[in-house]
Amino acid sequence: MKQGQASRTALAAAALRANHFQNTINPVFADPYAYDLTSRSWQKLLTSPRLVKLMNSPAFNRTLGLLSGQVVGRSRYAEDLLQQALASQINQYVLVGAGLDSFALRQNQRYPDLKIFEVDHPDTQAAKQQKLQQLDNIPANVEFVAIDFEKESLADALARSRYQQTAPGFFSWLGTTHYLEPQTTFNTLQHIASFAAPLSEVVLDYSIHYQALQGIERLGSFAVSQFTRFLSEPLVGQFRPAELHQTVRRMGFEVVEDLSGTAISERYFNQRPDHIRHTSATHLLHLRLM
Ligand SMILES: C[S@@+](CC[C@H](N)C(=O)[O-])C[C@H]1O[C@@H](n2cnc3c(N)ncnc32)[C@H](O)[C@@H]1O
């Protein structure tokens, strides 16, 4: 991330969720707040009829639009699993690298007793809080916890909050490991394993190695890497699934599920007439602490 600036990829992710909500029939993930949360420049682009037409054309959905499928697919998966977790007595939700995720705005009436912790880089978090103030909407059950993963551990950051380490928590960590050195991701998972209570759950998405991709996916992955580099957030974290599983099992996690891009497409984007689907470049991983 650029020093002193809110995450630009977080703004881009909100813009993709806004476009998906506003311009898709039968959205995979519905985020009515994404438009308000993204930047003025993105809002301007999202109100350009020509660009909106292009961004929602079948040709775009099959190519660059794969990024959009990735962004809405990961949020849908995390919230599906969160709902299951809440039904099994988990009462704390930690959004690690929350960005402009609007769960707190969308769901606080449905889950008024849920304690929500938004953990993010201080620059992104300050910009989000300012936006929420403008919208006059800061839910009472949300606590904001600032962190720079490269400098501080999640355990230390959460220790400043009312997060209860004796009770299990549900952690989502979406769209972030791609921008961190793999060791930083491992360190963060190790910290969760050391402070979180048994039965805590983690959902995260991760990039697989660029060399494992083929055809349009390889090209698309290259295009995305150039785009995020341009946004000063280069993609530096990639993993081999089997090695990643082995490492997290050693930390004490059970690998409940690892969904490949194809499996995510089958689950959430099956036979869509608009051809939106998930990229093969990223996986979704569901872990549970034993
Ligand atoms: C692409 S955004 C994803 C946001 C959100 N989870 C989503 O799915 O839209 C990446 C997030 O990672 C956060 N991030 C990146 N590097 C970070 C760091 N070193 N410390 C803390 N947060 C970081 C950014 O602030 C941003 O919110």
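Residues numbered from 1 in each chain as written. Predicted model: local features only at pLDDT ≥ 70, side-chain atom pairs only at ≥ 80, totals over all residues. Heavy atoms only, no water.

Undergrad: Teacher, can you tell me more about the side chain of T38 here?
TA: Here T38 lies in the loop between α2 (34-37) and α3 (40-46). Judged by its relative accessible area of 0%, T38 is buried. Setting aside its immediate chain neighbours within four residues, T38 contacts L11, A14, A15, Q43 and K131. (Helix = DSSP H or I, 4+ residues; strand = E, 2+ residues; numbered from the N terminus. Buried < 20%, exposed > 50% of the residue type's maximum accessible area, 1.4 Å probe, protein only. Contact = heavy atoms within 4.5 Å.)

Undergrad: Just checking my understanding: could you explain helix α10 (residues 182-195) for this structure?
TA: Because each turn of an α-helix spans 3.6 residues, side chains separated by three or four positions in sequence point in the same direction. For α10, spanning 14 residues, the distance from its first C-alpha to its last is 20 Å, which sits close to the expected 20 Å at 1.5 Å a residue. Turning to α10, its buried residues number three or more, namely T184, T185, F186, T188, L189, I192, A193 and F195. (Expected span 1.5 Å × (residues − 1).)

Undergrad: Help me out: how do you make sense of unusual backbone geometry in this one?
TA: Across the chain, the bulk of peptide bonds are trans and the bulk of non-glycine residues have phi less than zero. For Q89, which is not glycine, the phi dihedral falls at a positive 80°. Within the secondary structure layout, Q89 lies in the loop between α6 (66-87) and β1 (92-96). The residue L199 is not glycine, and still its phi comes out positive at about 80°.

Undergrad: In this structure, what is going on with the side chain of H286? I would like to understand it.
TA: Assignment of secondary structure puts H286 in strand β8 (residues 282-289). Within the structure, the side chain of H286 is placed 2.8 Å from the side chain of E201, a separation counted as a polar contact. The residues touching H286, leaving out its near neighbours within four places in the chain, are Y77, L81, E201, V202, V203, E254, V255, V256 and E257. (Polar contact = N/O pair within 3.5 Å; in protein donor to acceptor, adjacent residues only side chain to side chain.)

Undergrad: Could you clarify how one ought to interpret the pairing of strand β4 (residues 170-173) in this entry?
TA: Walk down a regular strand and you will see the side chains alternate between the two sheet faces. Of the two faces of β4, the one carrying F170 and S172 and the one carrying F171 and W173 are both buried. The pairing of β4 with strand β5 (residues 201-208) spans four bridges and is parallel. Bridge pairing links F171 to V202 in β5. (Pairing = 2+ DSSP bridges.)

Geometric values such as these leave the question of function open.
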